[in-house]
Amino acid sequence: EEPAPRGPARPLPSELAVRGNARGNHAEHSRCFGDERTRAALQELRRHGTDALIAHAQRAELRPFAPERAAFLDTETTALHGGAGCTVFLIGVGRVEGEDLRVHQVFLRSPADEAAALERVLELLREVDLLVSFHGKSFDRHRLHARLCLLGFDSPLLRLPHLAEVAAADPAGP
């Protein structure tokens with residue numbers, strides 16, 4: 001059963017598009033980063049291999065991965081705690097496409113958009129072998145997983161290997 005809307009959705013900025021799927025509508029912005037700096041970073045990742053990144057993060061259990069099979073994840077939420085009252089209202093999913101990085105930002109205009117937005121995120125995570133985030137291993141993936149389960153979706157988020165960059169960036173280690 002779909003949740004009842006809590007009021008009219010606000011007008012969207014011009015760069016956001018309303019998209020629909022079987023569960024309703026959500027707002028989405030997609031941007032391709034094909035600039036010189038992004039391409040250089042992706043070339044470095046391919047040149048040194050993902051095994052160097054995994055070793056730096058001290059995650060020996062992770063296997064080398066193709067950058068195209070990774071999803072870079074970030075969220076914004078209504079609270080810093082878990083539970084039913086914490087809604088994920090903005091979900092960013094980045095995927096490598098050839099020499100570029102495409103970032104999809106899926107946005108809830110109202111709580112009624114949540115099921116459609118989460119279905120879109122699951123579409124973006126198809127064919128993903130690894131999640132990469134900054135704080136996502138301890139926060140983002142758990143908030144998304146909870147919302148997916150609450151709405152009856154089969155969540156892959158806790159099954160996917162996860163590389164948290166906060167651990168890789170911390171000189172003290174994970």
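Residues numbered from 1 in each chain as written. Predicted model: local features only at pLDDT ≥ 70, side-chain atom pairs only at ≥ 80, totals over all residues. Heavy atoms only, no water.

Student: For this particular structure, what's the right way to read the nonpolar core?
Tutor: Where a protein is soluble and globular, its nonpolar side chains tend to be buried together. Ranked by size, the top nonpolar core spans 20 residues in total, and within it I91, V93, L125, L131 and L144 carry the most contacts. The greatest single-element share of this core, amounting to 5 residues, is contributed by helix α3 (residues 114-124). Ignoring anything within four residues of it in the chain, the contact list for L144 reads L73, T75, V88, I91, L118 and L157. Counting residues in hydrophobic clusters, the runner-up holds 7 residues, among them F65, L130, V132 and L163. (Core = buried A, V, L, I, M, F, W, Y, C linked by side-chain atoms within 4.5 Å. Buried < 20%, exposed > 50% of the residue type's maximum accessible area, 1.4 Å probe, protein only. Helix = DSSP H or I, 4+ residues; strand = E, 2+ residues; numbered from the N terminus. Contact = heavy atoms within 4.5 Å.)

Student: How do you make sense of the packing of aromatic side chains when you look at a structure like this?
Tutor: Within a pair of aromatic rings, the relevant descriptors are the distance that separates the centres and the angle that separates the planes. In this structure the tally under the stated criterion is 1 aromatic pair. Judged by centre distance (6.4 Å) and plane angle (85°), the ring pair of F89 and F107 falls under edge-to-face. Within this pair, whereas F89 is found in strand β4 (residues 88-97), its partner F107 is found in strand β5 (residues 100-107), the two being separated by 18 residues in sequence. On the accessibility criterion, F107 (28% relative accessible area) is partly exposed. (Phe/Tyr/Trp six-rings, centres within 6.5 Å; stacked < 30°, edge-to-face > 60°.)

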